[in-house]
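Residues per chain are reported as follows:
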Amino acid sequence: MLYRAEGLVIRSTDYGEGNKIITLLTPSFGKQGIVVRGAKKLKSRYGSLAQLFTYGDYSYYRSGSLGTLNSGEIIESFQELREGLEGPAYAAYAAELTDRAINDDEAAAYLFHQLKACQTALAEGKDPQIVLRAYEMKVVSAAGYAPMLDECVSCGKLEGPFRFSAGGGGALCLSCRHRDPNALELSETAWKILRVFLAIDLRRLGNIAVRDRTKKELQLALRRWLDTHLNLNLKSRNFLDQLEKYGDLLGERPIRANPERGSATPAAAESAPETGAEDETV
Ligand SMILES: [Zn+2]
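Residues numbered from 1 in each chain as written. Predicted model: local features only at pLDDT ≥ 70, side-chain atom pairs only at ≥ 80, totals over all residues.

Asker: Please provide a residue-by-residue account of the packing of helix H1 (residues 86–101) against helix H3 (residues 128–142), values included.
Answerer: At a closest axis distance of 11 Å, the pairing of H1 and H3 adopts a crossing angle of 5°. In this view, H1 runs roughly parallel relative to H3, as classed from their interaxial angle. Side by side, H1 and H3 meet where Tyr90, Tyr93, Ala94, Leu97, Thr98 and Ala101 of the first sit next to Pro128, Leu132, Tyr135, Glu136 and Val139 of the second. Residue classes in the contact of H1 with H3 are distributed as nine nonpolar, one polar and one charged. (Axes fitted to C-alpha atoms, helices over the stretch in contact; angles between N-to-C directions. Helix = DSSP H or I, 4+ residues; strand = E, 2+ residues; numbered from the N terminus. Parallel < 35°, antiparallel > 145°, perpendicular 65-115°, else oblique. Contact = placed C-beta atoms within 7 Å. Nonpolar A, V, L, I, M, F, W, Y, C, P; charged D, E, K, R; others polar.)

Asker: Explain the sheet that holds strand S5 (residues 66–76) to me, and be specific about the residues and the numbers.
Answerer: The five strands are arranged S1-S2-S3-S5-S4 in a closed barrel whose pairing can be described as mixed. Neighbour to neighbour, the strand axes of the sheet diverge by 50° on average, direction disregarded. Strand direction decides the pairing type here: strand S1 (residues 2–15) and strand S2 (residues 19–26), joined by seven bridges, are antiparallel. In the sheet register, Thr13 faces S2, and the bridge partner there is Ile21. (Pairing = 2+ DSSP bridges.)

Asker: Lay out unusual backbone geometry in plain terms, naming residues and giving numbers.
Answerer: Residue Pro161 is reached from Gly160 by a cis peptide bond, and omega for that bond is 0°. The backbone of Phe78 sits at a positive phi, close to 55°, despite the residue not being glycine. Considering the arrangement of structural elements, one finds Phe78 in the loop between S5 and H1. Of note, Asn231 is a non-glycine position whose phi angle comes to about 45°, a positive value.

Asker: Let's hear about the pairing of S5: which residues, and what values?
Answerer: Pairing geometry for strand S3 (residues 30–36) and S5, over three bridges, is parallel. Each bridged residue has a counterpart across the sheet, and for Gly33 the counterpart in S5 is Leu66. Judged from the eight bridges that link them, strand S4 (residues 55–62) and S5 form a sheet pairing that is antiparallel. Its bridge partner being in S5, Gly56 is matched across the sheet by Ile74.

Asker: Break down helix H5 (residues 212–229) for me, with residues and values.
Answerer: An ideal rise of 1.5 Å per residue puts 26 Å on 18 residues; H5 measures up with 26 Å between its terminal C-alpha atoms. Of all the positions in H5, only Thr214, Glu217, Leu218, Ala221, Leu222, Trp225 and Leu226 are classed as buried. Projected onto a plane normal to the axis of H5, the buried residues spread over an arc of 155° and lie on a single side. Residues of H5 that are exposed and angled more than 90 degrees away from the buried face: Asp212, Arg213 and Lys216. On its buried face, H5 sits against H3, strand S6 (162–165) and helix H4 (188–199). (Expected span 1.5 Å × (residues − 1). Buried ≥ 20, exposed ≤ 12 C-beta atoms within 10 Å, placed from the backbone. Arc of directions from axis to C-beta.)

Asker: Please provide a residue-by-residue account of the environment of Ile22, values included.
Answerer: Looking at the element boundaries, Ile22 is found in strand S2. Here Ile22 falls in the buried class, since 28 other C-beta atoms lie within 10 Å of it. Taking the C-alpha atoms as reference points, Ile22 and Ser12, separated by 10 residues in sequence, lie 4.3 Å from one another. Leaving out residues up to four positions away in the same chain, Ile22 has contacts with Val9, Arg11, Ser12, Ile34, Val36 and Ala50.

Asker: Quick one: what's the story with the pairing of S1, residue by residue and with numbers?
Answerer: Relative to S4, S1 runs antiparallel, the two sharing seven bridges. What sits directly across from Gly7, in S4, is Gly56. In this structure, the hairpin formed by S1 and S2 is closed by a connection of three residues, where Gly16 is found at a positive phi of approximately 60°.

Asker: Please set out the nonpolar core residue by residue, giving values where relevant.
Answerer: Counting residues in each nonpolar core, the largest one holds 74 residues, and the members touching the most others are Ala94, Cys118 and Ala134. Mapped onto the domain boundaries, this core takes at least three residues apiece from domain 1 (2–77) and domain 2 (84–270). In this view, Cys118 contacts Ala94, Val131, Tyr135 and Leu202; residues no more than four positions away in its chain are not counted. (Core = buried A, V, L, I, M, F, W, Y, C linked by C-beta atoms within 7 Å. Domains from an automatic or database assignment.)

Asker: So, H4: which residues are in play, and what are the values?
Answerer: Its 12 residues place the ends of H4 17 Å apart at the C-alpha level, agreeing with the 16 Å of an ideal helix rising 1.5 Å per residue. Buried within H4 we find Thr189, Ala190, Trp191, Lys192, Ile193, Leu194, Val196 and Phe197.

Asker: Give me the lowdown on the packing of helix H2 (residues 109–123) against H3, citing residues and values where you can.
Answerer: Two elements in contact, H2 and H3, have axes separated by 10 Å at closest approach and are oriented at 170°. In terms of their interaxial angle, H2 and H3 are classed as roughly antiparallel. Residues Tyr110, Leu111, Gln114, Cys118, Ala121 and Leu122 of H2 pack against Pro128, Val131, Tyr135, Lys138 and Ala142 of H3. A breakdown of the residues in the contact of H2 with H3 according to their chemical character gives nine nonpolar, one polar and one charged.

Here you go:
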């Protein structure tokens, strides 16, 4: 049967002589594995359709679990994401996270749009430490593991302060914090941003300026959450960790690619007008 779907390439591996197998994330059919014959040949028309991060319109025959590409068109190549060292590493992390967290054939329209928005934001040079954290929240939600952040998961108390409990399922009030000795103490700003990440559609993500200290809190909280609920051990994350360690040694901040591209919209400000910190805007 011939299928047609828009999709983002979230995985691309060599297959036999000159071929590739790609995994597409599509809005209607979820993940689709497709063989692209001759993709590695120099003159192949379909070589770029088989590249990681490509957004295209794909026609493929499928009878069993694996399809075969019939034809396709590139809608957006996301070439920016293949340049430099950090850019590809961040985008590869988003792709691998998606691939591993989502089952085949699960309808994934919302996540498809979130990943496309994530790739667009990275290509525009938005802060990867924010874009990826927001996207992680979208992935855990799509996988059915959204944290409860607005009330204590144990007693339902609505007012904080709270601790962040990955094992417990989200917020724990001070009377209930003994239920998880590993629960994290996070700043009010970090809590607000986590709630924004949970609520926001990435297509509306503006530029968010956040202190390095807060970024570390967000990274730690989401990492605990991912490791507790999905436990994926991603190769791309290990590589990113090494890159960041190297950057810390050099005392450099992550390189921001191409800040001119795209317009910065303060869309996120509508969701969280106050961060409680003068030099941070959400
Ligand atoms: Zn409680």
